[in-house]
Amino acid sequence: MLRTYYTVISVANISFRIGLDTGSADLWLISSACSTSECSKVPKYQLDYHSPTFVPVNNNQTAFNVSFADGTGEWAVSVNITSTVTEYFFKAANGFIALETVQVSNLTVAQQGFGAVTSSNITFDDDVSGILGLGFPRLSDISQSISCQYL
């Protein structure tokens, strides 16, 4: 049985288990708009909650996409410059970027950018609802997508 390294965080005063990932630098959560079978198995960030601290980015039209090549999921083929063909599986989560108040232990961050996932084929264990990337800031897709007006 696989186990997940996770922590409990609060997003809009609601607690979620979040997997810890040292290879990425973004926070993302499965949202109530995700209807894939993988999403149905975990607690979700409720978009219809209408959190007073939720801030849409570009009217929720700024895309969030993440993928992991982990040996499971859908087939993908990569051909490098030496014509070596590599086949691998990938897992992906897609949605939109928004801002929300996030608390980890006694640290609270207002208007933290996060990915609200609306489609995913990523399977989680241990009631984990998303990922908290602990990697270098330069790995963040969200910070590169949000204009300075939100930072």
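Residues numbered from 1 in each chain as written. Predicted model: local features only at pLDDT ≥ 70, side-chain atom pairs only at ≥ 80, totals over all residues. Heavy atoms only, no water.

## So, the overall build of the chain
Part 1: Counting its regular elements, the chain contains one helix and nine strands.
Part 2: Reading the chain from its N end, one meets helices and strands in the order β-β-β-β-β-β-β-β-β-α.
Part 3: With 151 residues in all, the chain has 38% of them scored as buried.
Part 4: Of the contacts formed within the chain by residues at least 6 apart in sequence, a portion of 65% connects residues at least 24 apart. (Helix = DSSP H or I, 4+ residues; strand = E, 2+ residues; numbered from the N terminus. Buried < 20%, exposed > 50% of the residue type's maximum accessible area, 1.4 Å probe, protein only. Contact = heavy atoms within 4.5 Å.)

## Thoughts on the packing of aromatic side chains
Part 1: On inspection of all chains with the given rule, the structure shows four aromatic pairs.
Part 2: With a centroid separation of 6.5 Å and an interplanar angle of 45°, the aromatic rings of Trp-28 and Phe-64 are classed as tilted. A residue pair is termed long-range when its members are at least 10 positions apart, and Trp-28 in strand S3 (residues 27-30) and Phe-64 in strand S5 (residues 63-68) qualify at 36 residues. Each member of the pair, Trp-28 as well as Phe-64, carries the same accessibility label: buried.
Part 3: Counting every residue linked through ring pairs, the aromatic cluster contains Trp-28, Phe-64 and Phe-124. (Phe/Tyr/Trp six-rings, centres within 6.5 Å; stacked < 30°, edge-to-face > 60°.)

## Thoughts on the nonpolar core
For soluble globular proteins, nonpolar side chains are generally found buried alongside one another.
Part 1: Ranked by size, the top nonpolar core spans 18 residues in total, and within it Trp-28, Ile-30, Phe-64, Ala-93, Ile-97, Val-117 and Phe-124 carry the most contacts.
Part 2: If you tally residues by element for this core, the top one is strand S7 (residues 85-104), at three residues.
Part 3: Every residue in contact with Trp-28, bar those within four places of it in the chain, is listed here: Phe-64, Val-66, Phe-68, Ala-93, Gly-115, Val-117, Ile-122, Phe-124, Ser-129, Gly-130 and Ile-131. (Core = buried A, V, L, I, M, F, W, Y, C linked by side-chain atoms within 4.5 Å.)

## Things to note about the state of the cysteines
Part 1: Tallying each qualifying case throughout the model produces one disulfide.
Part 2: Across the disulfide, Cys-34 is cross-linked to Cys-39 (sulfur-sulfur distance 1.9 Å). In this structure, the disulfide formed by Cys-34 and Cys-39 twists by about 60° around the S-S bond and is classed as right-handed. (Disulfide = S-S within 2.5 Å.)

## Concerning the side chain of Thr-62
Part 1: Mapped onto the elements, Thr-62 comes out in the loop between strand S4 (55-56) and S5.
Part 2: Residue Thr-62 is classed as buried on the basis of its relative accessible area of 14%.
Part 3: Other than its neighbours up to four places away in sequence, Thr-62 contacts Val-57, Gly-95, Phe-96, Ile-97 and Ser-145.

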